[in-house]
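Summary of the model geometry
So you can see what is in the structure, the chains are spelled out below.
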Amino acid sequence: MGVSASVLAVDAGNSKTDVAVVAADGQVLATARGGGFRPPAVGVGPALEGLSETVARAFAAAGVSGVGHVSACLANADLPVEEEELSAALHARAWGTSVEVRNDTFAVLRAGVTEPRGVAVVCGAGVNCVGMRPDGRTARFPALGRMSGDWGGGWALAEEALWHAARAEDGRGEPTELARALPAHFGLDSVHALIEALHLRHIEPVRRHELTPVLFATAAGGDRVAGALVDRQADEVVAMATVALTRLGLLGEPVPVLLGGSVLAARHPRLDGRIRELLAARAPMAVPRVVTAPPVLGAVLLGLDRTGADEGAHERARAHFGA
């Protein structure tokens, strides 16, 4: 059968899933991509059925039927009880002898560091932050939205932009260019028309995320209201990172702070610049950088960490993913 498989790495996000089958020496034997992983929307069983199809394709391409260890970084594994439930469900699939489930933000973090040490903040559709040390200690947040103290992410920014635009147009709020720019993106001439189109589903609600880039463009043009929203997002990113660094006792030493997710990866100058400025003031030893490696690499490296692979295996896996 050739090289035996050591790790099944899974990076399952809300919009897509990547899996990789990896040998003990870090050689990537096969990869596969599938759809999003959304247990809260469809249930754990159906979500795992979709994941199973992707894993089956990867196993077939690698010529294996199982691995020694499953390293699964999963969206919506936000609480320990959810990690335990998903871990039990993956054990039942018998893909590997051992299983470790983590939130998918850990994949972003591990993909961007040479050892399991640092903090990652992900700002995509939502926002989340995790940190880890080589001794196994971690720092994390529930990341369940506003009820757990979160603010920001692409969906929330779009909602905030629309809120301010509506109030600007009807006189309840401060004037802002958002009142023109947001409806203009959809070819409409007023915020009222945009609200009506969204409410009546003439514009599908999922397209609301298109308003986030408009917000950033408006802020770049000098609009005060839009700029304040971008600044607040930067403040939230730095607040999460600083708390995680403090919890792990890493505030006083050089440590990477990885920035991931579509909002941060876009490197909007105002957002990126303010994050770096605030980090320099609050965590001067932190070294911020945007993660460009695919998160599935992080799941691979976490699996190799768990199986005791040497540095050569880690380097071989990184080379495969161009990191």
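The structure we're discussing is the one just above.
Residues numbered from 1 in each chain as written. Predicted model: local features only at pLDDT ≥ 70, side-chain atom pairs only at ≥ 80, totals over all residues. Heavy atoms only, no water.

1. Observations regarding the side chain of Asp272
For Asp272, the location among the structural elements is in helix 11 (residues 269-282). There is a polar contact of 2.9 Å between the side chain of Asp272 and the side chain of Arg276. Every residue in contact with Asp272, bar those within four places of it in the chain, is listed here: Leu259, Arg267 and Val290. (Helix = DSSP H or I, 4+ residues; strand = E, 2+ residues; numbered from the N terminus. Polar contact = N/O pair within 3.5 Å; in protein donor to acceptor, adjacent residues only side chain to side chain. Contact = heavy atoms within 4.5 Å.)

2. Remarks on the nonpolar core
With 55 residues, the main nonpolar core has Leu178, Leu182, Leu245, Leu259, Leu271, Ile275 and Leu279 as its most contacted residues. The biggest single contributor to this core is helix 9 (residues 224-247), with 11 residues. In this structure, Cys73, Met132, Leu304 and Phe321 belong to the second largest nonpolar core, which totals 30 residues. (Core = buried A, V, L, I, M, F, W, Y, C linked by side-chain atoms within 4.5 Å. Buried < 20%, exposed > 50% of the residue type's maximum accessible area, 1.4 Å probe, protein only.)

3. Remarks on the pairing of strand 3 (residues 28-35)
Of the pairings in the sheet, the one linking strand 2 (residues 16-23) to strand 3 comprises 7 bridges and is antiparallel in character. Within strand 3, the residue paired with Val22 across the bridge is Val28. Linkage of strand 2 to strand 3, two consecutive antiparallel strands, is achieved through a turn of 4 residues, within which Gly26 is found at a positive phi near 90°. (Pairing = 2+ DSSP bridges.)

4. Thoughts on helix 11
Over its 14 residues, helix 11 runs 20 Å from end to end, which matches the ideal 20 Å to within 8%, given 1.5 Å per residue. For helix 11, the set of buried residues is Leu271, Asp272, Ile275, Leu278 and Leu279. For helix 11, the angular spread of the buried residues around the axis is 140°, confining them to a single face. Set apart from the buried face of helix 11 by more than 90 degrees, the exposed residues are Pro269, Glu277 and Ala281. Against helix 8 (211-220), helix 9, strand 9 (255-260), helix 10 (262-265) and strand 10 (286-290) lie the buried residues of helix 11. (Expected span 1.5 Å × (residues − 1). Arc of directions from axis to C-beta.)

5. Quick look at the environment of Gly261
Here Gly261 shows up in the loop between strand 9 and helix 10. Owing to a relative accessible area of 28%, Gly261 belongs among the partly exposed residues under this scheme. Excluding residues within four positions of it along the chain, Gly261 makes contact with Val122, Cys123 and Gly124.

6. A look at the packing of aromatic side chains
Within a pair of aromatic rings, the relevant descriptors are the distance that separates the centres and the angle that separates the planes. Here the structure, examined in full by the defined rule, presents 0 aromatic pairs. Above the face of the Phe106 ring, Arg102 is positioned so that its terminal group lies 5.1 Å from the ring centre. Directly above the ring of Phe141 sits Arg247, whose terminal nitrogen or CZ lies 4.7 Å from the centroid. (Phe/Tyr/Trp six-rings, centres within 6.5 Å; stacked < 30°, edge-to-face > 60°. Lys NZ or Arg CZ within 6 Å of the ring centre and 35° of its normal.)

7. Examining the packing of helix 5 (residues 154-170) against helix 7 (residues 191-199)
Following both chains from N to C, one finds helix 5 and helix 7 inclined at 135°, their axes separated by 9 Å at the closest point. One element, helix 5, and the other, helix 7, form an angle in the oblique class. For the pair helix 5 and helix 7, contact is made by Leu162, Ala165, Ala166 and Glu169 and by Val191, His192, Leu194, Ile195 and Leu198, respectively. Residue classes in the contact of helix 5 with helix 7 are distributed as 7 nonpolar, 1 polar and 1 charged. (Axes fitted to C-alpha atoms, helices over the stretch in contact; angles between N-to-C directions. Parallel < 35°, antiparallel > 145°, perpendicular 65-115°, else oblique. Nonpolar A, V, L, I, M, F, W, Y, C, P; charged D, E, K, R; others polar.)

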